[in-house]
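What follows is the residue order along each chain.
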Amino acid sequence: MAATGGVVCVNFVPDFLTDDRAKVSTDRIVDHIEHIVSLAGIDHVGLGSDFVREVMHDVTPPCCESLDDEDPMFDFPGLEGPAGMPLVTEALVRRGLPEDHILKILGGNLRQLMAGHMG
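Bear in mind that the values here come from a model prediction, so they are computed numbers and not experimental data. Sequence positions are assigned chain by chain, starting from 1 and proceeding in written order. Predicted model: local features are reported for residues with pLDDT of at least 70 only, side-chain atom pairs are reported and counted for 80 or more only, and whole-chain, interface and lining totals are derived from all residues. Each side-chain value is worked out from all heavy atoms of the structure, with water and hydrogens disregarded.

**Student:** Which parts of the structure should I look at to understand the overall build of the chain?
**Tutor:** Counting its secondary structure elements, the chain contains five helices and two strands. If you list the helices and strands of the chain from N to C, you get β-α-α-β-α-α-α. Three labels apply to residues, based on accessible area from a 1.4 Å probe with only protein chains included: buried if under 20% of the type maximum, exposed if over 50%, partly exposed otherwise in between. Evaluated residue by residue, the chain yields a buried proportion of 34% over its 119 residues. Here, two residues are considered to be in contact whenever any of their heavy atoms come within 4.5 Å of each other. Considering only contacts in the chain between residues 6 or more positions apart, those separated by 24 or more positions represent 69%. For the chain, the exposed surface amounts to about 7300 Å²; the carbon and sulfur share of it is 56%. Runs of E in the DSSP output that reach at least two residues are strands. Runs of H or I that reach at least four are helices, and both are numbered from the N terminus. Accessible areas in this description were obtained via Shrake-Rupley with a 1.4 Å probe; residue shielding takes into account the shown protein chains only.

**Student:** Can you help me understand the environment of Phe-76 in this one?
**Tutor:** Mapped onto the secondary structure, Phe-76 falls in the loop between helix H3 (52-58) and helix H4 (85-94). For Phe-76, the residues in contact, after removing those within four places along its chain, are Phe-12, Pro-14, Leu-17, Val-24, Ser-25, Thr-26 and Ile-29.

**Student:** Is there a simple way to explain the pairing of strand S2 (residues 45-48) in this structure?
**Tutor:** Looking along a regular strand, one sees the side chains alternate between the two faces of the sheet. Burial along S2 is two-sided: Val-45 and Leu-47 facing one way and Gly-46 and Gly-48 facing the other are all buried. Sheet topology places strand S1 (residues 8-11) next to S2; four bridges connect them, and they run parallel. Paired with Cys-9 across the strands is Gly-46, a residue of S2. Here, strands pair whenever DSSP counts at least two bridges between them.

**Student:** I tried to follow the pattern of salt bridges on my own but got confused; where do I start?
**Tutor:** A pair can form between side chains of opposite charge whenever their charged atoms are brought close. Any Lys or Arg side-chain nitrogen found within 4 Å of a carboxyl oxygen on Asp or Glu counts as a salt bridge. Counted under the stated rule, the structure contains seven salt bridges. Across the salt bridge formed by Arg-28 and Asp-31, the nearest N and O atoms sit 3.5 Å from each other. Of the two residues, Arg-28 and Asp-31 both sit in helix H2 (residues 26-40), three residues apart, roughly one turn of that helix. What makes Asp-31 partly exposed here is its relative accessible area of 31%. Residue Asp-31 is joined to Arg-95 by a salt bridge in which the shortest nitrogen-to-oxygen separation is 3.0 Å. Pair noted here: Asp-31 is in helix H2 and Arg-95 is in the loop between H4 and helix H5 (99-118), with a separation of 64 residues, a long-range link. Overall, Arg-95 belongs to the partly exposed group, its relative accessible area being 29%. One continuous salt-bridge network, built from bridges that share partners, spans Asp-27, Arg-28, Asp-31, Glu-34, Arg-94 and Arg-95.

**Student:** So what exactly am I meant to see when it comes to H4 here?
**Tutor:** Those residues of H4 lying buried are Val-88, Ala-91 and Leu-92. Looking straight down H4, one finds its buried side chains confined to an arc of 100°; they lie on one side. Across H4 from its buried face, at more than 90 degrees, point the exposed residues Val-93 and Arg-94. Downstream of H4 by a residue or two, Gly-96 has a phi angle that is positive, lying close to 90°. The directions considered for the arc run from the helix axis to the C-beta atoms.

**Student:** Hey, could you run me through the side chain of Ser-49 in this one?
**Tutor:** For Ser-49, the position within the fold is in the loop between S2 and H3. For Ser-49, a relative accessible area of 18% gives the class buried. Residues in contact with Ser-49, not counting those within four places in the same chain, are Val-10, Phe-12 and Met-85.

**Student:** What is the right way to look at the environment of Gln-112 in this model?
**Tutor:** Inspection of the secondary structure puts Gln-112 in helix H5. C-alpha of Gln-112 to C-alpha of Gly-6: the two residues are 106 residues apart in sequence and 9.9 Å apart in space.

Written as structure tokens, this is what we have:
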């Protein structure tokens, strides 16, 4: 990813973050972010929240009629939707990341990537 200028986005589906439901937390998201930074650098990490329930409610049937939007696989306490995103920012701040790094993670890197492909 780093070599080609890409961005790896951390998914918020709990089962993608840990095998132990007791460890589901915004701190676990930050663990993954820090791991990606250690491998690819701060310019190549972002957020891939994939708020599945919102997507399923917004799409027109019959696309997702068979999906169970009450599936506990998607239960992330406090991050059920976009309104919970400040919790991720708070976790990044608590971890002591510099403000410029946080801004990159929260969308700056994706914005930079898209700007490079749009113009």
